[in-house]
Amino acid sequence: MSEPNLRYSDVEDGLRASVRDLLADRADAATVLAHAESAEHDPGLWRALAELGATSLHVPEELGGQGAGYRETAVVAEELGASVAPVPFLGSAVLATAALLHVSQDDDARAALARLGSGEITATLVVPLSTWDSTPSVQLVDGGLVGTVRSVADARAADLLVVPAGGALHLVQASAATVTPVVSLDVTRPVADVEFTGSTSVALVGSAEDAVRAALLAGAGILASEQVGIAQWCLDTTVAYLKQRYQFGRPVGSFQALKHRLADVWQQLVLARAAARNAADALATGNDVEVAVSVAQSLCAAVAVHAAHECVQLHGGIGMTWEHPAHLYLKRAKADEIALGTPGRHRASLAHLVDLPG
Amino acid sequence: MTDLRDRVAALLAEHDPATTDRLDFLRARFDAGLAWVHFPEGLGGLGAPRGDQEIVDAALVAAGAPDNNPRRIGIGLGMAAPTILAFGTDEQRRRFLRPLWTGEEVWCQLFSEPGAGSDLAALGTRARRDGDDWVVTGQKVWTSTAHTARWAILVARTDPDVPKHAGMTYFVCDMTDPGVEVRPLRQITGEAEFNEVFLTDARIPDAHRLGAVGDGWRVAQTTLMNEWVAIGGRPMPREGGMAGVVAETWRANPERRTPEAHDRLLGLWVESEALRLAGIRLRQQLAVGSPGPEGSAMKLAFARLSQALSGLEVELLAEDGLRYSDWALTRPELVDFTGRDAGYRYLRAKGNSIEGGTSEILRNIIAERILGLPSEPRVDKDVPWKDLPR
Ligand SMILES: Cc1cc2nc3c(=O)[nH]c(=O)nc-3n(C[C@H](O)[C@H](O)[C@H](O)COP(=O)(O)OP(=O)(O)OC[C@H]3O[C@@H](n4cnc5c(N)ncnc54)[C@H](O)[C@@H]3O)c2cc1C
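Numbering of residues starts from 1 in each chain and follows the order in which that chain's sequence is written. Here the convention is simple: chains get letters from A, ligands get numbers from 1, in the order in which they are written. For a predicted model such as this one, the threshold for reporting local features is a pLDDT of at least 70, and the threshold for listing and counting side-chain atom pairs is 80 or more; totals across whole chains, interfaces and linings nevertheless cover every residue. Water and hydrogen atoms play no part in the side-chain values, which are based on all heavy atoms of the structure.

### Overview of the overall build of chain B
Thinking step 1. Only runs of H or I of at least four residues qualify as helices and only runs of E of at least two qualify as strands under DSSP, and these elements are numbered from the N terminus. What chain B contains, in helices and strands, is 11 helices and eight strands.
Thinking step 2. Using C-alpha atoms as the atom set, the radius of gyration is obtained and then compared with a globule rule of 2.2 Å times the number of residues to the power 0.38. In summary, chain B has a C-alpha radius of gyration of 22 Å against a globular reference of 21 Å for 390 residues, a match within 12%.
Thinking step 3. Taken along its principal axes, the extent of the C-alpha atoms in chain B is 65 × 55 × 45 Å.
Thinking step 4. Only protein chains enter the calculation, and the probe is 1.4 Å; a residue is then buried if its accessible area is under 20% of its type maximum, exposed if over 50%, and partly exposed in between. Here chain B holds 390 residues, and 56% of them are scored as buried.
Thinking step 5. Working rule for contacts: check all heavy atoms of both residues, and any pair within 4.5 Å makes them a contact. Of the contacts made within chain B by residues no fewer than 6 positions apart, 71% connect residues no fewer than 24 positions apart.
Thinking step 6. His residues and chain termini do not enter the charge count, which takes Lys and Arg as positive and Asp and Glu as negative. To locate a charge, take NZ of a lysine, CZ of an arginine, CG of an aspartate or CD of a glutamate. In chain B, 47 side chains carry a positive charge and 56 a negative one; their mean positions are 2 Å apart.

### Topic: the overall build of chain A
Thinking step 1. Across its full length, chain A holds 11 helices and 10 strands.
Thinking step 2. Expressed along its principal axes, the backbone C-alpha trace of chain A runs to roughly 75 × 50 × 40 Å.
Thinking step 3. A separation threshold of at least 6 residues defines the contact pool for chain A, and within that pool the share at least 24 residues apart is 75%.
Thinking step 4. Within the structure as shown, chain A displays about 13500 Å² of accessible surface, and the carbon and sulfur contribution to it stands at 52%. Note on areas: Shrake-Rupley, 1.4 Å probe, and residue coverage restricted to the protein chains presented here.

### Observations regarding the site of the ligand
Thinking step 1. Any residue with a heavy atom positioned within 4 Å of a molecule or strand is treated as near that molecule or strand. Taken together, 19 residues sit near the ligand, with B:S112, B:S118, B:W142, B:T358 and B:E360 positioned nearest.
Thinking step 2. Two or more chains meet at the ligand, and those chains are chains A and B.
Thinking step 3. Polar contact is the term for a pair of N or O atoms within 3.5 Å; when the atoms are in protein, one must be able to donate a hydrogen and the other to accept it, and sequence-neighboring residues count only if both atoms are side-chain atoms. Between A:Q256 and the ligand, the recorded distance is 2.8 Å, taken from a side-chain N or O atom to a nitrogen atom.
Thinking step 4. At 3.3 Å, a side-chain N or O of B:N364 approaches a nitrogen atom of the ligand.
Thinking step 5. When the ligand sits alone it has 970 Å² of accessible area, and the protein chains cover 69% of it.
Thinking step 6. Side-chain classes follow a simple rule in which Ala, Val, Leu, Ile, Met, Phe, Trp, Tyr, Cys and Pro form the nonpolar group, Asp, Glu, Lys and Arg form the charged group, and the remainder, Gly included, forms the polar group. Per-class residue counts for the shell around the ligand are six nonpolar, 10 polar and three charged.

### Section: the domain arrangement of chain B
Thinking step 1. Boundaries of every domain are those given by an automatic assignment or by a domain database. The domain architecture assigned to chain B consists of domain 1 (1-67) and domain 2 (220-370).
Thinking step 2. Its C-alpha centre places domain 1 of chain B at a distance of 28 Å from the equivalent point of domain 2 of chain B.

### Looking at the sheet that holds strand β4 (residues 160-165) of chain A
All names here are of chain A.
Thinking step 1. The rule for pairing is simple: two strands pair if DSSP sees at least two bridges between them. Read from one edge of the open sheet, four strands run β1-β4-β5-β8, paired in mixed fashion. One side of each edge strand has no neighbouring strand; the edge strands of this open sheet are β1 (123-125) and β8 (202-203).
Thinking step 2. Note: β4 against strand β5 (residues 168-173), six bridges, orientation antiparallel. Counted as the bridge partner of A165 is A168 from β5.
Thinking step 3. This element, helix α5 (residues 89-102), spans β1, β4 and β5 of the sheet and lies at about 65° to β1. The angle between two axes is taken between their N-to-C directions and runs from 0 to 180 degrees, where each axis is a line fitted to C-alpha atoms and a helix contributes only its stretch in contact.

### Regarding the interface of chain A and chain B
Thinking step 1. The partner chain B presents 45 residues to the 42 residues of chain A that form the contact.
Thinking step 2. Counting the surface lost from both chain A and chain B, the interface buries some 3800 Å², and carbon and sulfur atoms represent 66% of this.
Thinking step 3. Summed over the three residues of chain A that lose the most area to chain B, namely A:K259, A:W266 and A:L356, the buried surface amounts to 18% of that side.
Thinking step 4. Each salt bridge in this description consists of a side-chain nitrogen of Lys or Arg and a carboxyl oxygen of Asp or Glu lying within 4 Å of one another. Summed over the shared surface of chain A and chain B, the result is five salt bridges.
Thinking step 5. The salt bridge involving A:D355 is made with B:R251; its shortest N-O contact spans 3.4 Å.
Thinking step 6. Inspection of the chain A/chain B interface yields 18 residue pairs in polar contact (both at pLDDT 80 or more).
Thinking step 7. Residue contributions to the side of chain A that touches chain B peak at 14 residues, all from helix α8 (residues 256-285) of chain A.
Thinking step 8. Broken down by class, the residue content of the side of chain A that touches chain B amounts to 23 nonpolar, nine polar and 10 charged. Buried surface area refers to the total accessible area, computed with a probe of radius 1.4 Å, that the two partners give up upon joining, counted for both partners together.

### Digging into the state of the cysteines
All names here are of chain A.
Thinking step 1. Only a pair of cysteine sulfur atoms within 2.5 Å counts as a disulfide in this structure description. One pass over the structure, following the stated rule, counts zero disulfides over all chains.
Thinking step 2. Free of any disulfide, C234 has its nearest neighbouring cysteine sulfur in C311, separated by 4.5 Å.
Thinking step 3. On the basis of relative accessibility, which here comes to 1%, the residue C234 falls in the buried class.

### Considering α5(A)
What sets the pattern is the α-helix's 3.6 residues per turn: residues three or four places apart point alike.
All names here are of chain A.
Thinking step 1. Here α5 is 14 residues long and its end C-alpha atoms lie 18 Å apart, about the 20 Å a rise of 1.5 Å per residue gives.
Thinking step 2. To obtain the bend at a residue, axes are fitted to the seven residues ending there and to the seven starting there, and the angle between these axes is taken. Remark: the principal bend of α5, roughly 25°, maps to A96.
Thinking step 3. Extensive coverage of α5 is indicated by the burial of 13 of its 14 residues. Given a helix with a known number of residues, its expected span is that number minus one, times 1.5 Å.

### Quick notes on the sheet that holds strand β2 (residues 139-141) of chain A
All names here are of chain A.
Thinking step 1. Sheet architecture is open: four strands sit in the order β2-β3-β7-β6, paired in antiparallel fashion. Every other strand in the sheet has two partners, leaving β2 and β6 (178-181) as the edge strands with one partner each. Pairs of neighbouring strands in the sheet enclose a mean axial angle of 15°, with direction left out of account.
Thinking step 2. Where strand β3 (residues 144-153) and strand β7 (residues 191-199) come together, seven bridges link them in antiparallel fashion. Within the sheet, the bridge partner assigned to A153 lies in β7 and is V191.

### Re the pattern of salt bridges
Thinking step 1. For the structure on display, the rule yields 57 salt bridges over all chains.
Thinking step 2. Between A:R261 and A:E310 there is a salt bridge; the shortest N-O distance is 2.9 Å. Taken together, the residues A:R261 in helix α8 and A:E310 in helix α9 (residues 289-314) connect sequence positions 49 residues apart.
Thinking step 3. Given the relative accessible area of 32%, A:R261 is considered partly exposed.
Thinking step 4. Accessibility expressed as a relative area gives 9% for A:E310, which makes it buried.
Thinking step 5. For the salt bridge of B:K164 with B:D119, the shortest nitrogen-to-oxygen distance reads 2.7 Å. Of this pair, B:K164 sits in the loop between β4 (151-157) and β5 (168-174) while B:D119 is found in the loop between β1 (107-110) and β2 (126-130), placing the two residues 45 residues apart along the sequence.
Thinking step 6. With a relative accessible area of 34%, B:D119 lands in the partly exposed category.
Thinking step 7. Among the ionic contacts, a cluster of salt bridges with common partners joins A:R16, A:R20, A:E78, A:E79 and A:R273.

Okay, here's the thing in C-alpha cells:
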C-alpha cells in the first residue's frame, strides 16, 4: 500500500482561502446566531458556496460537478466547521450526493446530481443523523413509501429527499412528505422528522444498502474534517482570549495549569488532523477506506468535544452566555459526536476490521 | 524516484549483500547517497525529499541487505547527525558522519547534569580555553549509551559572567579521553542503560567545537527538536510500535479479555494509528527542511500512549503480569522500548515522558512557542549564571 498524502496541496490551500473569505463576509458570529435562533439555514450563503463550486467538488464533471475529490470537499468541511455556518453541506453535498453517486448509472440519479451540482436544489439522505450501521425503516407499501425517520439532518432545507426503502433508493419531492422541524441540540444544523404516508417516489436502479453504506462512509470521513475545524476554532479562540484576559495582575494565559491544558488540545489536534486528512485521502483513493474513516471518526469526534469543553470552561462566565459563540461550537461538537456513529461504534467496527475481537 | 530505484539496483549489483562484508556494504551504501537521502550529496545523501528514504529502505530490506542497527546508534542518528549537518564545518561533517551512520562509532549526549535537567541552560560543566584546546571539568548524568560511545555531543559553560543562555558552547567530546570517566547508573528496570559521566580536565580541540563560542544554546535547540521527532515520529507500519506488541498479546490471549480492557485497547490503538499518521504528515511537510517545535506533539503523544499501552499489557497478562524477566544489572547495547517482556516495557516506558525533555516541559514549549501564550514570570533571565540561586 502506498503512503497516503496527508498534506494540503496548494490548490487545496487556495480553495480554503476563498471559502474562508466568503464565510468571513457572510457568516460572522452574529449572523450565524441569528439564523440559529430562527432555526433557518442560509440559502444565500449556500448559493454563494455553490457558485464557488464548493458544494460539488467530488462530483465528476460529466455529472455536473467540479471533478475534484473528497480531499477538497474535506477542506470545505473544515472551514464550515470553523464557522458553524448554517448550510446543508453534510446532508446535501455529502450524504445525498455520495448516495446518488453510488447509483449514477441511473438516469434520474444523474439528473438529480446535475441539479444539486448547480446549486439549484438541495437534498438530504433520509436516515437518522446518528446512523452508522442500522437498517432503514421506511417501507414500500402498495407502491408508496410509508414510515417515519427521526432526527434527519438538513431535511428542512431539502427540496429532494433520497430515501432507502425496499432495497432501492427512492427520490421523493419534499412536498410529498411531511417534514417536521424539531428543537435540536445543534442549533446550527437542526434536525427534522420526516414522515411518509404513501408518498410517490422514483425508484433508482442499484442497491440501497451499498449506496447508503458508501454515503455513510463518505459522511463519517468528511465529518472528521468538520470536527477538526471546530476544534481549531475552539483552540484559537481560547488562546486569543487567555492572552488578553487579566486576573491576578497577569494574563490568565500565563498560568501554567491553563497552558498545559491548551497544549494538550493542540497535541490532540495534531493527531486528529492527520487522521482526518487520512480519511479524506482514503475516500479519494479508495485505499483502506473503512479503517481510515473509523480511526478518524473515533478520534476527531472526541477531540472536537474536548476542545469545545475547554473553550467554554476557560472563557469563564462569558463562555456560558448565549451571546458568545462558544456554545454554538459545543452544540455542534456534541451532536457531531453522535452523528454517523459515536466513537464507541466506530471502535466496534475497527475491532472487526483490524482483528481485535472482544 | 526511478532514479532512486536505479541507484539502489546499482548498489546491490556492485555489492551483493550475500557475499559483501556488512561494514563494506554499509560504507558503500553511504557513499552511494542512500544512507539518508535528505542529506547533501557526498555526506550519505542526495538532497532528496525525506519521504524517499522509505523507498530506499524497503528496496534494501527486500534485497536482504544489512542495516546499521539503528537501535544501537539512535542518539547519533537522531540527534548528533542533524546537529553536525546544521552547524558543523565541512571537515567535521566529513570526519564524523560516515562512521556515525555505519555504526562504527557510537554517540552519546552529554547534556543533563545533576543540577540542570529541564533547566538545561543552568548547566555548570566548565570549558576553559587552553591554546588550541578546551579543558573541560564537570559532571553529566543520565547519559544513555555512554558506555558504548566513541563520541559525545556536549554542552558546557564557557562564560559564567553572562546570563545563562548566552554563556554556553557546544562541543564534540572524545569519550576515550583520559579525562572522561563513565560509571553505570542503574535504572528501575534493573539494567544500566544510562550512566554518570565525570569530566576531569578532559581535552577537546577547538576544531571539535560545533557552532560559535557562546552559541551553544541555539545549537542545542536543533539537537532537541530533532530528538522529539526521533523519539516519537519514526516511520513505521501500522501496529509498528507498542500498539502492535499489545495487539499481539490481545490476540494470543482470548481467555484474558474483558470488555473494559477491549475498549481501552481500541482507543489506544486508534490514537497510535493517528500518531503514526501524524508522523507521516510531519515528514511530508518537512520535505528536506529540519523540524521545528511541532515535533514536540509526536513525543508528547508517544510517551502517553507507550505508557498506557504497556500498562494495559501487564494487566492483561494477569498472573504472568506479576512476573519479571530479570533484575540483573546488565549494560545493554541497544535502546529498545518494545524489547524484552511486558514488565520491562512497562517500566522502560516511564522514561519516555522524562528523557529528551519531560512532558511538562514539552507542554510549556507548545504553549509558549507554538500557541504564543505568555511565559511564566522569570526570575533567572537577566541574571549572570554565576549569581543564580542553586
Ligand atoms: C531513560 C532516560 C535517558 C536519558 N538519557 C539522557 C541522555 O542520553 N543524555 C542527557 O543529557 N540526558 C538524558 N536524560 C536526562 C533527561 O533529559 C532529564 O532527566 C530531563 O530533562 C529532566 O531533568 P531532571 O531529571 O533534572 O528533572 P527536573 O528538571 O528536576 O524535573 C523534576 C520534575 O519537575 C518538572 N518540571 C521541571 N521544570 C518545570 C517547569 N518549568 N514547569 C513544569 N514542570 C517542571 C519536570 O517535568 C519533572 O516532572 C535521560 C533521562 C532518562 C529518564
